[in-house]
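Coordinate inspection notes
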Amino acid sequence: MNLANYLDHYGIPLVMVNPMHVKRSKELDDNLPTKNDKKDALVIARLLKDGRFSYPRLAISIPTTSVFSVT
């Protein structure tokens, strides 16, 4: 089971933020292309707060059944 399916199974909401939006927003905030984890987390949190994210479509697993029987 992957992380997205695990979160969905337990009812935990999952959203995605476009990496290009993170990069551009970060550069707009302080006009510097520097990168660090604290700055990235702050930019991602602001994008989430502003509703600039998308909900992923999760693939649904289909149980496999044998159509042909071997006799």
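Residues numbered from 1 in each chain as written. Predicted model: local features only at pLDDT ≥ 70, side-chain atom pairs only at ≥ 80, totals over all residues. Heavy atoms only, no water.

**Thoughts on the overall build of the protein chain**
Of regular secondary structure, the protein chain possesses three helices and zero strands. Ordering the α and β elements of the protein chain from the N terminus gives α-α-α. Looking at the protein chain residue by residue over its 71 residues, the buried ones come to 10%. Relative to all contacts within the protein chain whose residues are 6 or more apart in sequence, the contacts with residues 24 or more apart total 55%. By element, 59% of the accessible surface of the protein chain is carried by carbon and sulfur atoms, the whole surface being about 6,600 Å². (Helix = DSSP H or I, 4+ residues; strand = E, 2+ residues; numbered from the N terminus. Buried < 20%, exposed > 50% of the residue type's maximum accessible area, 1.4 Å probe, protein only. Contact = heavy atoms within 4.5 Å. Areas by Shrake-Rupley, 256 points an atom, 1.4 Å probe, with all protein chains shown as cover.)

**Some points on helix α2 (residues 19–30)**
Taking 1.5 Å as the rise per residue, α2 with 12 residues should run 16 Å; its terminal C-alpha atoms sit 17 Å apart, in good agreement. For α2, the side-chain oxygen to backbone nitrogen distance between the N-cap and Met 20 is 2.9 Å, and the N-cap itself is Asn 18. Looking one or two residues beyond α2, the residue adopting positive phi is Asn 31, at roughly 60 degrees. (Expected span 1.5 Å × (residues − 1). Polar contact = N/O pair within 3.5 Å; in protein donor to acceptor, adjacent residues only side chain to side chain.)

**Remarks on helix α3 (residues 37–49)**
Between the first and last C-alpha of α3 there are 18 Å, a value that for 13 residues agrees with the 18 Å anticipated at 1.5 Å per step. Of the residues making up α3, those classed as buried are Lys 39, Asp 40, Val 43 and Leu 47. Projection of α3 onto a plane perpendicular to its axis shows the buried side chains occupying an angular sector of 100 degrees, all on one side. Facing away from the buried side of α3 by over 90 degrees, the exposed positions are Asp 37, Lys 38 and Lys 49. As for α3, its buried residues are in contact with α2. Its side-chain oxygen placed 3.3 Å from the backbone nitrogen of Lys 38, Asn 36 serves as the N-cap of α3. One or two residues past the end of α3 sits Gly 51, with phi positive at roughly 80 degrees. (Arc of directions from axis to C-beta.)

**Looking at the packing of aromatic side chains**
Under the counting rule described, the total for this entry stands at two aromatic pairs. On the numbers, 4.8 Å between centres and 55 degrees between planes, the contact of Tyr 6 with Tyr 10 is tilted. The exposure class assigned to Tyr 10 is exposed, which follows from its relative accessible area of 52%. Geometrically, the ring pair formed by Phe 53 and Tyr 55 is edge-to-face, given 5.4 Å between the ring centres and 85 degrees between the ring planes. For Phe 53, a relative accessible area of 28% gives the class partly exposed. (Phe/Tyr/Trp six-rings, centres within 6.5 Å; stacked < 30°, edge-to-face > 60°.)

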